Amino acid sequence: MTKLRTFVIGLGQMGMSHALAYHANPGFEIVGLCNRTEVALPEVLQNYPRAKDFAAGLALRPDVVSINTYTDSHADFAVAAMQADAHVFVEKPLAANGAEARRVVEAARRTGKKLVIGYILRHHPSWVEFIRLARELGPPYVMRMNLNQQSSGSAWALHKRLMQSTSPVVDCGVHYLDVMLQITDARPVQVRGMGVRLTDEISPDQVNFGHLQVLFDDGSVGWYEAAWGPMISETAFFVKDVMSPRGSVSIVMDQSAKSAALDTHTKTAKIRLHRAALDAAGNFIEPDRVISMQGEPGHQDLCDREQAFLLRAIRENLDLTGHMDDAIRSLDVVLAADRSMRERRAIDL
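Residues numbered from 1 in each chain as written. Predicted model: local features only at pLDDT ≥ 70, side-chain atom pairs only at ≥ 80, totals over all residues. Heavy atoms only, no water.

1. What about the sheet that holds strand E11 (residues 247-252)?
Then, number 1: Pairing in this open sheet of nine strands is mixed, and the strands run E13-E12-E11-E10-E6-E9-E8-E7-E14 from one edge to the other. Single-partner strands in this sheet number two, and they are strand E13 (289-292) and strand E14 (347-348).
Then, number 2: In this sheet, E11 lies alongside strand E10 (residues 238-244) in antiparallel orientation, the contact comprising four bridges. Bridging across to E11, Asp 241 finds its partner in Ser 250.
Then, number 3: Lying on the sheet, helix H8 (residues 173-183) is in contact with strand E6 (142-150), strand E7 (188-196), strand E8 (209-216), strand E9 (221-229) and E10; it crosses E6 at an angle near 165 degrees. (Pairing = 2+ DSSP bridges. Helix = DSSP H or I, 4+ residues; strand = E, 2+ residues; numbered from the N terminus. Contact = heavy atoms within 4.5 Å. Axes fitted to C-alpha atoms, helices over the stretch in contact; angles between N-to-C directions.)

So, in C-alpha cells, the structure goes:
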C-alpha cells in the first residue's frame, strides 16, 4: 500500500521516539522533521529533510502531521494540519484548555481526518490488564496514583520549559485520569487541586508540585499527584493502586526503579491482586496473586504501537469518536484541578 507521507514537528523526548517509530514502520515515509532549536538526531534520522518551520512542513503536503511540541501550540497546529488535508497525531495534553480541545475535535469531525492523541498507556498490555482486574473488583473505587520525577540537568531544564505552558498535574495527569475513567463508568462530579512552588527557578504563578482529588457520582474517589524537580523525593514516587469492597489491585515496581528513568513511567514489573473475602474464622480465603509482567514493551515499543494504531485508524477508517471524547473528559478534570489550585476552592464538574 502507498506509504503515508509524514511530517514530524517537535523532536524532544516524545517527538524523537515517534520519529523513530515512523522510520521503523513501512507504512510511513518521513518527508520532513522540524524542531524549534537545533537537536542532535540519531543516525537513522539524519538523512531525512529538515523543515524550517510548521508552514514549511505543511508545504510538503504530508498525509500525516505528528505534533510533539509544547501544549500551547497543539490546537493551532492540529487544526491547520487537518484543514491542509492531513491526519494528525498529537501528544497529550490535546490542548491548553477545554475550548481549544473541542475546537480540535470539531475540526476532525468536520474534515473527516483522523485525530489520535498520545495516550501511550492505552497501548500497554500491562495497563490494559491492570484496568481489567480493577473493573472486575467492582465499584465504588479508591484510586490512588502518582508520578513524581526527581529531575536534574537537561531533564530539569525540560521540565522548567514545560511549566511555562502547563503544570505537572495537567501534563501527566491526563494519562492517569484517563485510567481512572476507564476503571469506573461513573461521572466525575467534583475536583479539588492543591499545588506548591518548591523552587525560585520558576515564576511565582507556577507550581512544580500538584495534587488533585476527584469525586465520582457512584461514590468512588481518586487522587493523583505529580511533581518535577531536583528536590523531589524518590520515596513512593510511583503509586498505582486501586481498592474496592472486594479487594485491591496494585502495580508493584522493582526496588531499583528511579523516577527519572523514562521506562519507569510506563513499566509495571508486577501486578498484585488481593481478594478481600474471608472465611468463617475471619481469615483470607485466598492468598494474594502476583502477576509477573516480564517481557512487557519498553518506551520505544509503546511509541511504535501508538503509531501502528494511527496507521490502522487511517487505513481501516476506524471510528475515533470515543477516543477523542475520552481525551476531552480527562483533560477537563485536570484543567479543573489546575483552576482549583489557583482559586483555592473545589470545582464542581
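Moving on from the coordinates now.
2. What to know about the sheet that holds strand E4 (residues 87-90)
Then, number 1: Spatial strand order, E2-E1-E3-E4-E5: five strands in an open sheet with parallel pairing. Sheet topology places strand E2 (28-34) and strand E5 (115-117) at the edges, where each strand pairs with a single neighbour. The mean angle between the axes of side-by-side strands here comes to 20 degrees, regardless of whether they run parallel or antiparallel.
Then, number 2: Lying on the sheet, helix H9 (residues 299-315) is in contact with strand E1 (4-9), E2, strand E3 (64-67), E4 and E5; it crosses E4 at an angle near 155 degrees.

3. Regarding the nonpolar core
One broad trend across soluble globular proteins is that nonpolar side chains are buried collectively.
Then, number 1: Leu 115, Phe 130, Ile 183 and Tyr 224 are the most contacted members of the largest nonpolar core, which has 85 residues in total.
Then, number 2: It is helix H10 (residues 321-343) that provides the largest number of residues to this core, a total of 10 residues.
Then, number 3: Leave out the neighbours within four places in its chain, and Leu 115 touches Val 88, Val 90, Leu 94, Val 104, Val 105, Ala 108, Leu 320, His 323 and Met 324.
Then, number 4: Counting 20 residues, the second largest nonpolar core, distinct from the first, contains Val 8, Leu 11, Met 16 and Leu 33. (Core = buried A, V, L, I, M, F, W, Y, C linked by side-chain atoms within 4.5 Å. Buried < 20%, exposed > 50% of the residue type's maximum accessible area, 1.4 Å probe, protein only.)

4. A few points about the side chain of Arg 275
Then, number 1: Within the element layout of this structure, Arg 275 appears in strand E12 (residues 270-275).
Then, number 2: The exposure class of Arg 275 is buried, given its relative accessible area of 19%.
Then, number 3: Within the structure, the side chain of Arg 275 is placed 2.8 Å from the side chain of Glu 136, a separation counted as a polar contact.
Then, number 4: The residues touching Arg 275, leaving out its near neighbours within four places in the chain, are Glu 136, Leu 137, Arg 246, Gly 247, Phe 284, Glu 286 and Asp 288. (Polar contact = N/O pair within 3.5 Å; in protein donor to acceptor, adjacent residues only side chain to side chain.)

Geometry only, nothing functional implied.
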